[in-house]
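Chain residues, written in single-letter form:
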Amino acid sequence: MKNISRRTFNKTLSKGIGGVTLLSGMPLACAMGGNKQEKKKLGVALVGLGSYSTYQLAPSLEDCELCYLAGIVTGTPEKEKIWKDKYNIPEANVYNYENFDSIVSNDSIDIVYVVLPNSMHADFSIRAAKAGKHVICEKPMAISVEECDVIIEACKKANVKLSVGYRLHSEPYTQEIKRLVDEKVFGNVQYISAEAAYRSGGNPDQWRLNKALSGGGALLNMGVYAIQSAIYGTGENPISVTAQEFSSRPEYFKDTDETITAQFEFSSGAFGNIMTSHNTNVNRMYASCDNGWFELNPASSYGPLAGKTSSGDLSFPHERQQKLQMDDFARHILNDAPNAAPGEMGKRDMIIVETIYESIAKGNSKIELKLGAMGL
């Protein structure tokens with residue numbers, strides 16, 4: 001994918017922030033009235049045609065019940081014909097990063113899914129909202145809490161829906177863990193551990209290892225899965241965090257964090273550990289309760305996931321998680337169903353991420369969190 005420079009991103013972001021106050025008076029191309037409410041499927045435009053869009057989102061949209069691939073936005077002209085031919089996308093629904101704002105006049109596109117490097121999430125989410133399009137912003141929601149606030153405000157003033165690309169909240173194993181916790185099937189959770197990591201051994205110049213584009217390393221990429229697991233695995237937000245960072249391959253991880261561990265405390269008395277890394281392969285969540293235990297292993301891969309409890313194995317049919325996620329968001333738009341992953345959830349996780357980095361910077365000190373029920 002053709003990179004947008006940090007200077008260009010900052011310039012366009014400032015324009016987006018400056019334009020937020022104008023959003024409330026804009027006509028909405030996808031307002032939920034008239035014929036739009038009667039549409040059987042919502043049109044989705046993917047912004048950024050990297051591996052996630054290519055191998056996960058686009059194939060999933062072919063299976064979706066309530067939405068479909070209607071348009072693309074790419075900075076690589078060579079990809080335009082490939083995608084148009086493969087998915088029968090009309091020329092009028094093909095955009096680049098420069099003419100993206102003209103999407104405002106395209107009534108066939110209802111949802112914009114931002115799948116760009118993390119530092120560009122805020123810019124294109126704001127621009128999508130200004131164009132009157134509902135927004136799915138891939139995780140992490142942004143590279144700072146401040147950017148999360150601006151995205152949320154932009155969508156609120158434009159009266160469009162906002163979701164973060166947390167696909168796991170729509171898949172059955174994760175939903176079952178939530179049920180076990182909510183119904184206290186095994187009593188209260190006493191301890192939880194969550195690990196989300198993979199070993200990066202590819203191109204050292206990839207954008208995920210470039211802090212200007214990624215905003216951080218393993219913590220922002222895989223760490224949000226571990227944070228999420230610890231939260232839905234206890235049903236609580238943490239009230240404190242103590243964190244550590246280390247690297248065994250500093251020659252490769254020159255600009256971003258390689259491995260981070262953190263300890264959480266919860267108001268119920270539960271406590272837990274999370275670990276995230278770009279230097280090892282692990283994908284697991286385990287909780288010990290008053291009267292038993294439960295586990296997902298793998299816990300956050302594209303699936304199929306696997307799980308078991310002290311009462312026996314968990315077993316659910318596998319479907320593409322992204323298909324379930326995007327159909328859930330479409331139900332939220334069309335039928336006012338609950339938003340499985342609202343913007344407040346993305347902001348909460350970024351608050352925790354920033355607090356983890358703060359703890360590390362302050363010599364692994366314990367820092368309190370005051371999240372209340374945000375994102376739960």
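Please refer to the structure placed before this passage.
This is a predicted model, so every value here is computed, not measured.

Describing the pattern of salt bridges
No. 1: Evaluation of the coordinates by the stated rule reveals 16 salt bridges.
No. 2: With a closest N to O distance of 2.8 Å, R179 and E176 form a salt bridge. Pair noted here: R179 and E176 are both in helix α6 (residues 172-182), with a separation of 3 residues, about one helical turn.
No. 3: Residue E176 is classed as buried on the basis of its relative accessible area of 14%.
No. 4: A salt bridge links K323 to E319; the shortest N-O distance between them is 2.7 Å.
No. 5: Its relative accessible area of 9% is what places K323 among the buried residues.
No. 6: Linked by salt bridges that have partners in common, E65, E319, K323, D328 and R331 make up one network.

A word on the sheet that holds strand β14 (residues 312-314)
No. 1: Spatially, the 9 strands line up as an open sheet ordered β14-β13-β12-β11-β7-β10-β9-β8-β15, and their pairing is mixed. Here the strands that pair on one side only, and so sit at the sheet edges, are β14 and β15 (367-368).
No. 2: The sheet strands contacting helix α10 (residues 343-361) are β8 (238-246), β9 (259-266), β10 (271-277) and β15, and the helix crosses β8 at an angle near 55°.

Quick look at the sheet that holds strand β3 (residues 94-95)
No. 1: If you trace the 6 strands from one edge of the open sheet to the other, you get β3-β2-β1-β4-β5-β6, paired in parallel fashion. Bordering the open sheet on either side are β3 and β6 (162-164), each of which pairs with just one other strand.
No. 2: Of the strand pairs in this sheet, strand β4 (residues 111-114) and strand β5 (residues 134-137) are connected by 4 bridges, and their pairing is parallel. Residue pairing in the sheet places V114 in a bridge with C137 of β5.
No. 3: Those strands touched by helix α3 (residues 77-87) are β1 (42-47), β2 (67-73) and β3, and its axis lies near 160° from that of β2.

Comments concerning the nonpolar core
No. 1: Counting 81 residues, the largest nonpolar core has I177, I227, F264, I274, F294 and I356 as the members making the most contacts within it.
No. 2: Of all the elements, helix α8 (residues 218-232) adds the most residues to this core, at 10 residues.
No. 3: If we skip the residues at most four places from it in the chain, I356 touches L219, I227, V241, A243, I260, A262 and I274.
No. 4: Judged by nonpolar contacts, the second largest core, of 26 residues, contains L49, A58, C67 and Y113.

Description of the layout of surface pockets
No. 1: Empty space within the largest pocket amounts to approximately 700 Å³.
No. 2: If you go around the largest pocket, you meet 27 residues; those closest to its centre are S51, Y52, W207, R208 and Y302.
No. 3: The set of elements that each furnish at least two residues to the lining of the largest pocket consists of α2 (51-63) and α8.
No. 4: Partitioned by chemical class, the residues of the lining of the largest pocket number 10 nonpolar, 12 polar and 5 charged.

A short note on the pairing of strand β12 (residues 292-296)
No. 1: Of all 5 residues in β12, 4 are buried; the element is thus mostly enclosed.
No. 2: The sheet contact formed by strand β11 (residues 279-289) and β12 spans 5 bridges and is antiparallel. Note on β12: the bridge partner recorded for M285 is L296.
No. 3: Counted between consecutive antiparallel strands, the loop separating β11 from β12 contains 2 residues.
No. 4: Sheet topology places β12 next to strand β13 (residues 307-309); 3 bridges connect them, and they run antiparallel. Bridged to F294 within β13 is T309.

About the thresholds
Residues numbered from 1 in each chain as written. Predicted model: local features only at pLDDT ≥ 70, side-chain atom pairs only at ≥ 80, totals over all residues. Heavy atoms only, no water. Salt bridge = Lys/Arg side-chain N within 4 Å of Asp/Glu carboxyl O. Helix = DSSP H or I, 4+ residues; strand = E, 2+ residues; numbered from the N terminus. Buried < 20%, exposed > 50% of the residue type's maximum accessible area, 1.4 Å probe, protein only. Pairing = 2+ DSSP bridges. Contact = heavy atoms within 4.5 Å. Axes fitted to C-alpha atoms, helices over the stretch in contact; angles between N-to-C directions. Core = buried A, V, L, I, M, F, W, Y, C linked by side-chain atoms within 4.5 Å. 1 Å grid on protein atoms, 1.4 Å probe; cavity = no way out; pocket = protein on both sides within 12 Å on 5 of 7 lines; lining within 4 Å. Points joined across faces, edges and corners; volume = space filled by probe spheres on them. Nonpolar A, V, L, I, M, F, W, Y, C, P; charged D, E, K, R; others polar.

Geometric values such as these leave the question of function open.
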